[in-house]
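Read off the chains here:
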Amino acid sequence: MTIRTRFAPSPTGLLHIGGARTALFNFLFARHHCGQFLLRIEDTDRERSTQHAVDVILEGLAWLDLTPDEPPLFQSSRAVRHAEVAYQMLASGHAYRCYSTPDELRQMREQAIADGRPPRYDGRWRDRDPADAPAGVAPAIRLRAPRDGETVVDDLVQGAVRVANAEMDDMIILRSDGTPTYLHAVVVDDHDMEISHVIRGDDHLTNTFRQVQIYQAMGWAPPRFGHVPLIHGADGAKLSKRHGAVSVLEFEAQGFLPEALCNYLLRLGWGHGDAEIISRDEAIRLFDIDAVGRAASRMDYAKLTHLNGVWLRQADDTRLTADVLRRLRDRTDLVLDDVAAARILALMPGLKERAKTLVELAESAAFLARVPPLPMDQKASALLTDEAKATLREIAAALAATDFSAGALDAALRAYAEHAGKKLGQVAQPLRAALTGSTVSPGIDATLAALGRDEALARISAASR
RNA sequence: GUCCCGUUCGUCUAGAGGCCCAGGACACUAGCCUUUCACGUUGGUAACACGGGUUCGAAUCCCGUACGGGACGCCA
C-alpha cells in the first residue's frame, strides 16, 4: 500500500506553528515511508475563508520547504460529490432528513445544559414519518449513527481510544442548503484522495469517532489516524490569535531560518535519543509517528533562537549575504552598492558566528555599508580618547605597510602592540571603534581586510582627527 | 456539565520492571579560552504531580485523586 498523507488547513486564519508542525509531521511521515504528501484546502466555510489566508498557507509551506506532491485540492470544488455521498447514505438508510430548525436546536442545547445533560440532538426526526415534514422547511441530512456498542479508534499516537456510541448524537452531514459539514467532507475527501494516514492535531481526536461512523456507513475502510498533541504558547495557554499564533511568515520576518524552525518544531513533541540538531534528510530518515509524544508542549523562543544560531553558522555565506542585503535595502543611512555587498560577503564567516537571527546579522553587517565619518555609539566614542587617537595614527602607518591580508594585518597588529608595550586588546578596541562605530565586531584583522585598504585607512583617519 | 486525552528539571525531551539516588538540549550560573562580542569548553543548580496497589524490585504495570488540555455547532 502506498502511504499518502495530507495537510488540511482551513483558510480562515493564518498558518501558525501548530499547523506548520502538523504539515511537517505529515511530510516527514510520507517521505520516510516513500509515500506522498498532499495538501487540501478546507474552504467549505465560504463566509470566513479568504484568498489571503490561502496565499499565506501556500507561501508558508513553500518557505518551510514542505511542498505537496500534487496540486492542492480545494474542498469547495467537491460539493457535488459530498452531496452525492450524503444521498447515497440517505438511500441506504444510514442517514435521514431532519427538519429541526437551527433555532429549535439551539433551544434544545440550552435546555439540556440547564438540566445538566450533555448538549446533544435528541434524534427527534430519526424515526419520524417523513410525511410529518413541515412545509417550507428545508431539511438537513443527519447520519443515523449506531446507538449501541462503542466506536474504537486505534490511534497511532494515542493508542486505542474508545467511546460508547450512546455518547454521540446523529450529526448533520449535509446542511439544509445542500452544503456538506466538515466532518462529512473530510471523510469523503480523504477516501477519494486515498489518504492512508491522517495525522492531525489532538483537537480532532473526538471528531474521529464520528468520522469513523461515516466510513462504516459507507462501507469504506478508514485510514489510520495519528493525533499529535497541540502546541501551547510560552505561558502554557492555548495558541490563539491574540498571542503566539503568529503566521510562520512572521518568523521569517523576525529573522529565523526555515531549517531552524523545522528543526525546532520537529523536536517539539518528538525525540530521538539525544539528537537535537537534525537536518531535513536526517529527519526523514529518523522520523516515525510512533515516537511522537502524547503531551502538549510549549513554545520556547529561547530554544528556537539557539537552534537558529546553530543553523545560521552552518548556512551558506552567499545566501546569508543576499538575505542581509534584502533586510538592509530600505535603510537610507547606508550605501548598498556592489562594494558593500562584497565587504559583507567577505566578512560573513565572522558575522554569522556572532548572530542568532538574520535580523541581528543584518544589523551587525550594516557598518560595512556606511560612509565615513561613522556614527559612534556611546562605548565606542568613550574609547576614542586623545591618547587613543594618537595610537590610531601610529597603527594606521603600521597597517598601511602590509598587503592588507588578514594574516599580515594580524602580524602587524601584534608587532605594533609588542613594540608599544601594549596588550592586544588596548590596540584592537580603539581600532574597532574607528572601523565599526561600535565595540563589537568579528576579529579585527578580518574586519580590516573586509573593508579594504582605502576604506579602512579612511575610517581610521576620520576617527583619529 | 458529559465524554476523551495527558502529567519526568523553568522549557523541550531520553527512558518500554533492575543499566536511573534519572541522561541530553535550551535557559540560568561559576570557571577556562580570547582581540571585543559571540562560538567553543569544563563544572554547578534543577524533575519522575499525589496516594494506594502489583512485584524480590516501578519513572516504567494497575486503580484512585489532583491539576492541565481537548471535544461536545446546519465552524473547520
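This is a predicted model, so every value here is computed, not measured. (Residues numbered from 1 in each chain as written. Chains lettered and ligands numbered in written order. Predicted model: local features only at pLDDT ≥ 70, side-chain atom pairs only at ≥ 80, totals over all residues. Heavy atoms only, no water.)

1. Re the pairing of strand S5 (residues 140-143)
At step 1: Going residue by residue along S5, you find Ala140 and Arg142 tucked away on one face and Ile141 and Leu143 tucked away on the opposite face as well.
At step 2: The sheet contact formed by strand S4 (residues 95-98) and S5 spans four bridges and is antiparallel. In the sheet register, Cys98 faces S5, and the bridge partner there is Ala140.
At step 3: In this structure, S5 lies alongside strand S8 (residues 172-174), joined through two bridges in antiparallel fashion. Residue pairing for S8: Arg142 is matched across the bridge by Ile172. (Buried < 20%, exposed > 50% of the residue type's maximum accessible area, 1.4 Å probe, protein only. Helix = DSSP H or I, 4+ residues; strand = E, 2+ residues; numbered from the N terminus. Pairing = 2+ DSSP bridges.)

2. Quick notes on the protein's contact with RNA strand B
At step 1: As a structural note, the neighbourhood of RNA strand B is formed by 65 residues, with Ser10, Arg175, Gly269, Arg354 and Ser441 the closest of them.
At step 2: Here Ser176 contributes a side-chain N or O atom positioned 2.9 Å from a base nitrogen of RNA strand B.
At step 3: With respect to RNA strand B, the side chain of Asp445 contributes an N or O atom lying 3.3 Å from a base oxygen.
At step 4: With five residues, the top contributor of residues to the surface near RNA strand B is helix H17 (residues 424-436).
At step 5: For the surface near RNA strand B, the class distribution of residues is 18 nonpolar, 21 polar and 26 charged. (Near = heavy atom within 4 Å. Polar contact = N/O pair within 3.5 Å; in protein donor to acceptor, adjacent residues only side chain to side chain. Nonpolar A, V, L, I, M, F, W, Y, C, P; charged D, E, K, R; others polar.)

3. Re the domain arrangement of chain A
At step 1: We note that the domain assignment places domain 1 (78-182), domain 2 (317-366) and domain 3 (378-463) within chain A.
At step 2: The gap between the C-alpha centroids of domain 1 and domain 3 is 78 Å. (Domains from an automatic or database assignment.)

4. A word on helix H4 (residues 102-114)
At step 1: Taking 1.5 Å per residue, 13 residues should reach 18 Å; H4 reaches 18 Å between its end C-alpha atoms and fits that length.
At step 2: Among all positions of H4, only Leu105, Met108 and Ala112 are buried. Buried residues of H4, viewed axially, fall in a sector of 55 degrees; they line one side. Opposite the buried face of H4, by more than 90 degrees, sit the exposed residues Ile113 and Ala114.
At step 3: Each element contacted by the buried residues of H4 is listed here: S5.
At step 4: Of the residues flanking the end of H4, it is Gly116, one or two places downstream, whose phi is positive at about 80 degrees. (Expected span 1.5 Å × (residues − 1). Arc of directions from axis to C-beta. Contact = heavy atoms within 4.5 Å.)

5. Re the pattern of salt bridges
At step 1: Enumeration over the complete set of coordinates arrives at 35 salt bridges.
At step 2: Between Asp127 and Arg144 there is a salt bridge whose closest N-O contact spans 3.3 Å. Of this pair, Asp127 sits in the loop between H4 and S5 while Arg144 sits in the loop between S5 and strand S6 (150-155), and the two are 17 residues apart along the sequence.
At step 3: Each member of the salt-bridge network shares a partner with another, and the members are Arg6, Arg40, Glu42, Arg78, Arg81, Glu84, Asp189, Asp190 and Asp192. (Salt bridge = Lys/Arg side-chain N within 4 Å of Asp/Glu carboxyl O.)

6. Some thoughts on the sheet that holds S8
At step 1: Spatially, three strands are ordered S4-S5-S8 in an open sheet, and the strand pairing comes out antiparallel. What marks the edges here is a single partner per strand, and that holds for S4 and S8. Strand-to-strand twist of the sheet, defined as the mean angle between neighbouring strand axes without regard to direction, takes the value 45 degrees. (Axes fitted to C-alpha atoms, helices over the stretch in contact; angles between N-to-C directions.)

7. Remarks on the packing of aromatic side chains
At step 1: What the rule picks out here adds up to six aromatic pairs.
At step 2: Taking the centre distance of 5.7 Å and the plane angle of 80 degrees together, the rings of Phe27 and Phe37 count as edge-to-face. Remark: Phe37 occurs in strand S2 (residues 36-41) and Phe27 occurs in helix H1 (residues 17-32); sequence separation between them is ten residues. You'll find Phe27 and Phe37 in the same group, each marked buried.
At step 3: Aromatic rings pair up to connect Phe25, Trp270 and Phe287 into one cluster.
At step 4: Taking NZ or CZ as reference, Arg128 lies 4.1 Å from the ring centre of Trp125, over its face.
At step 5: Seen from the ring of Tyr121, Arg142 lies directly overhead, with NZ or CZ sitting 3.5 Å from the centre. (Phe/Tyr/Trp six-rings, centres within 6.5 Å; stacked < 30°, edge-to-face > 60°. Lys NZ or Arg CZ within 6 Å of the ring centre and 35° of its normal.)

8. Observations concerning the environment of Glu42
At step 1: Secondary-structure assignment places Glu42 in the loop between S2 and helix H2 (51-63).
At step 2: Measuring from C-alpha to C-alpha, the distance between Glu42 and Ala185 comes to 8.8 Å, with 143 residues separating the pair along the chain.
At step 3: Residues in contact with Glu42, not counting those within four places in the same chain, are Ala8, Pro9, Ser10, Pro11, Gln75, Tyr182 and Val186.
At step 4: A polar contact of 3.3 Å, which involves the side chain of Glu42, links it to the side chain of Gln75.

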